[in-house]
Amino acid sequence: MMAQHYKIYFVLLIVIFLSSNTCYAQGLFEDGGGTGTDFSLVSALLPLLLLGLLAATTPTATAAQAAQAAQAAQAAPAAVPVMVVSVPVAPTPPCVSETCPPGFMLLPNQGISRSCYSDSDTGAAVAGANDRSWNAALTDCTSTPGAYLWRPNTEQEAAAVRNKYTLPDDEFVWTGANLNADGTFRFAIENGLLDFTDLPFGAAAPGAPDIAPDTDCVGLAFDGGEGEWKDHGCHTVRRYICEYPRVSIIIQLCGNNLFT
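Given the structure is predicted, the values throughout are model-derived calculations rather than measurements.

A.B. asks: A description of the overall build of the protein chain should follow, citing residues and the corresponding values.
C.D. replies: The secondary structure content of the protein chain amounts to six helices and 10 strands. Taking all 260 residues of the protein chain together, the buried fraction comes to 32%. Long-range contacts, defined as pairs at least 24 residues apart, comprise 68% of the intrachain contacts of the protein chain with a sequence gap of at least 6. Accessible area of the protein chain: about 15,800 Å², with a carbon and sulfur share of 61%.

A.B. asks: Before we move on, can you summarise the pairing of strand E4 (residues 172–179) with the specific residues and values?
C.D. replies: Taken across its eight residues, E4 has seven buried, putting it largely inside the fold. For E4 and strand E8 (residues 217–221), the ladder comprises four bridges, and the chain directions are antiparallel. Residue Trp174 lies in a different strand from E8, and its bridge partner there is Gly219. Sheet topology places E4 next to strand E10 (residues 239–244); two bridges connect them, and they run parallel. The residue of E10 that forms the bridge with Val173 is Arg239.

A.B. asks: Can you tell me about the nonpolar core, naming the residues and giving the values?
C.D. replies: The biggest cluster of nonpolar side chains holds 23 residues, and the ones touching the most others in it are Trp150, Leu194, Phe196 and Trp229. Of all elements in the fold, only helix H5 (155–164), E4, strand E5 (185–187) and E8 reach the threshold of two or more residues within this core. Ranked by the residues each element gives to this core, the list is headed by H5, at three residues. Residues Trp134, Ala137, Leu138 and Cys217 belong to the second largest nonpolar core, which totals 18 residues.

A.B. asks: Please set out the state of the cysteines residue by residue, giving values where relevant.
C.D. replies: Under the defined criterion, the tally for this structure stands at three disulfides. Bridging Cys141 to Cys242, the disulfide has an S-S length of 1.9 Å. Looking along the S-S bond of the Cys141-Cys242 disulfide, the torsion reads about -80°, which is the left-handed sense. Taken together, the positions of Cys141 in helix H4 (residues 134–142) and Cys242 in strand E10 put the pair 101 residues apart, joining distant regions of the chain. Through a disulfide, Cys217 is tied to Cys234; the S-S separation comes to 1.9 Å. For the disulfide bridge between Cys217 and Cys234, the dihedral angle about the S-S bond is near 100°, and by the sign convention the bridge is right-handed. Residue Cys217 is located in strand E8, and its partner Cys234 is located in the loop between strand E9 (228–232) and E10; the two are separated by 17 residues in the primary sequence. For the residue pair Cys217 and Cys234, the accessibility class agrees, reading buried in each case. Numbered by position along the chain, the disulfide-linked cysteines of the protein chain connect as 1-2, 3-6, 4-5.

A.B. asks: Before we move on, could you go through H4 and cite the residues and values that matter?
C.D. replies: Those residues of H4 that sit buried are Trp134, Ala137, Leu138 and Cys141. Buried residues of H4, seen end-on, are gathered within an arc of 100° and therefore sit on one face of the element. Buried residues along H4 sit against strand E3 (148–149), E4, E8 and E10.

A.B. asks: Lay out the packing of aromatic side chains in plain terms, naming residues and giving numbers.
C.D. replies: A ring pair, where both rings are aromatic, is described by two values, the distance of the centres and the angle of the planes. Scanning all chains against the criterion turns up four aromatic pairs. Ring centres of Phe185 and Phe196 lie 5.2 Å apart, and the angle between their planes is 70°; on these two criteria the pair is classed as edge-to-face. You can see Phe185 sitting in strand E5 and its partner Phe196 sitting in the loop between strand E6 (193–194) and strand E7 (203–204), a full 11 residues away along the chain. For Phe185, a relative accessible area of 8% corresponds to the buried category. A relative accessible area of 11% means that Phe196 is categorised as buried.

About the criteria used
- Residues numbered from 1 in each chain as written.
- Predicted model: local features only at pLDDT ≥ 70, side-chain atom pairs only at ≥ 80, totals over all residues.
- Heavy atoms only, no water.
- Helix = DSSP H or I, 4+ residues; strand = E, 2+ residues; numbered from the N terminus.
- Buried < 20%, exposed > 50% of the residue type's maximum accessible area, 1.4 Å probe, protein only.
- Contact = heavy atoms within 4.5 Å.
- Areas by Shrake-Rupley, 256 points an atom, 1.4 Å probe, with all protein chains shown as cover.
- Pairing = 2+ DSSP bridges.
- Core = buried A, V, L, I, M, F, W, Y, C linked by side-chain atoms within 4.5 Å.
- Disulfide = S-S within 2.5 Å.
- Arc of directions from axis to C-beta.
- Phe/Tyr/Trp six-rings, centres within 6.5 Å; stacked < 30°, edge-to-face > 60°.

Structural data, given as structure tokens:
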């Protein structure tokens, strides 16, 4: 292909040169003495003959190029128009409570419990100044939506809460458990069962559960470091722990997001 281009350029140069130098063209076709055959007509037509040669060589190259172009066009995939659609994305509502409610705190080791806790003795001018009866304690805890009187689930959780709020061995604190009409002890609001014959940890205090009247509310003491469960008179004022279960709040929020 490159050689054909050079031939075309060379022929064009000759045509241009002979067209501008008629005398030189005539000399090519006359004898040396000027007595030979008259080639003036040939010299005049020489540029036209060269142009004809150029026209004869050009189509070959053009046809080859056209064939290559046709092959390239067949091989190239057809352009497909792309439509870009902008779809607004609604923000995902959070399903995790990032912080505890005011007055509540997390345990140092959240592997033990992810709940938040508050102690009635926190901020008291003197120890026991904020002690409440069981019903008053429950009312105070539930004044924070989602919170309730403490439900100790494991010995590790109870020990962590005790250490965080420095509960002494002889301190008796209310839990959320109380006696129901069906004769079972259950945790208020959360409604979990507390069975004195199958406690989650620790042991029942001597004589517990007591069948005496008005001993329907359950507390926990840490005599000797081991949790001791005892039902007591609900009207007695005691220290209490409130619990805010973040896990339950997470489930509730996610459920609301899925079904609303």
